[in-house]
Amino acid sequence: MSLLVQLAAEDPENPLFPPIPELVIGLIAFVIVFGFLAKKLLPNINKVLEERREAIEGGIEKAEAAQTEAKSVLEQYKAQLAEARHEAARLRQEAQEQGAALIAEMRAEGQRQREEIIAAGHAQIEADRKAAASALRQDVGKLATELAGKLVGESLEDHARQSRVIDRFLDELEEKAEATR
């Protein structure tokens with residue numbers, strides 16, 4: 001400092017080196033202002049900064065909690081979606097199985113009805129064949145009786161004899177038909 005004092009003493013009007021009393025007064029004023037700021041203003045500034053830091057940290061914690069909750073909700077959603085897909089696949093499989101069973105049941109029912117219709121048709125054909133054979137036998141019998149009566153020259157009106165003759169004649173025809181087969 002002695003160098004500073006020497007320079008100040010040599011040239012009192014040097015603007016770079018203020019006079020000592022001004023320097024002391026400025027230094028005292030600086031200490032007073034700095035002390036006031038340190039006592040009054042600095043705690044308020046620190047308080048506001050601490051509140052902001054807590055708000056930011058609380059916001060970060062809230063954001064992390066929200067993110068964790070969102071992840072758990074997403075996992076639950078994915079699990080529910082997978083379960084729903086599995087359930088839908090199971091229902092589709094059951095529907096396909098039921099459809100196949102229904103088709104098989106309907107086919108069996110159709111087959112049974114077809115067999116009934118065929119059996120009824122065969123029975124009807126057999127009944128018609130027997131009725132036709134009986135009617136034909138009677139017609140052939142009458143014709144044969146008339147023809148035999150004309151050939152023999154006497155009437156074959158006796159019903160019992162007529163029946164025996166007709167049956168014998170038809171039996172002989174059937175035996176000949178079977179022999180030629």
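Residues numbered from 1 in each chain as written. Predicted model: local features only at pLDDT ≥ 70, side-chain atom pairs only at ≥ 80, totals over all residues. Heavy atoms only, no water.

Notes on the overall build of the chain
The following threshold applies: A run of H or I in DSSP counts as a helix once it spans at least four residues, and a run of E counts as a strand once it spans at least two, with each numbered from the N terminus. The Shrake-Rupley method, run with a 1.4 Å probe sphere, supplies the accessible areas, and residue values consider only the shown protein chains as cover.
Within the chain, the regular secondary structure consists of three helices and zero strands. Its helices and strands in sequence order give the chain the pattern α-α-α, from N to C terminus. Accessible surface, the chain: about 15,900 Å² in total, of which carbon and sulfur atoms supply 62%.

A word on a negative patch on the surface
Condition: What goes into a patch is any residue over 30% in relative accessible area without a salt bridge, connected to like charges within 9 Å or, for nonpolar side chains (Val, Leu, Ile, Met, Phe, Trp, Tyr), within 5 Å. By definition, a salt bridge exists where a carboxyl oxygen of Asp or Glu is found within 4 Å of a side-chain nitrogen of Lys or Arg. Only four residue types enter the charge count: Lys and Arg as positive, Asp and Glu as negative, with His and the chain ends excluded. Note that the charge is assigned to NZ on lysines, CZ on arginines, CG on aspartates and CD on glutamates. Buried means the residue's accessible area, taken with a 1.4 Å probe over protein chains only, is under 20% of the maximum for its type, while exposed means over 50%, and partly exposed covers the values in between.
Together, Asp-171, Glu-172, Glu-175 and Glu-178 give the surface a local cluster of negative charge. Residue placement: Asp-171 occurs in helix H3 (residues 159-180). A relative accessible area of 38% means that Asp-171 is categorised as partly exposed.

Remarks on the pattern of salt bridges
This model, assessed by the stated rule, comprises eight salt bridges. Between Arg-53 and Glu-50 there is a salt bridge whose closest N-O contact spans 2.0 Å. You can see Arg-53 and its partner Glu-50 sitting in helix H2 (residues 20-152), three residues apart, about one turn around the helix. Glu-50 sits in the partly exposed class, given a relative accessible area of 32%. Across the salt bridge formed by Glu-126 and Arg-129, the nearest N and O atoms sit 2.6 Å from each other. Placement of the pair is Glu-126 and Arg-129 together in helix H2, with a separation of three residues, close to one helical turn. On the basis of relative accessible area, Glu-126 is assigned to the partly exposed category, the value being 32%. Each of Glu-50, Arg-53 and Glu-57 takes part in a single network of salt bridges with overlapping partners.

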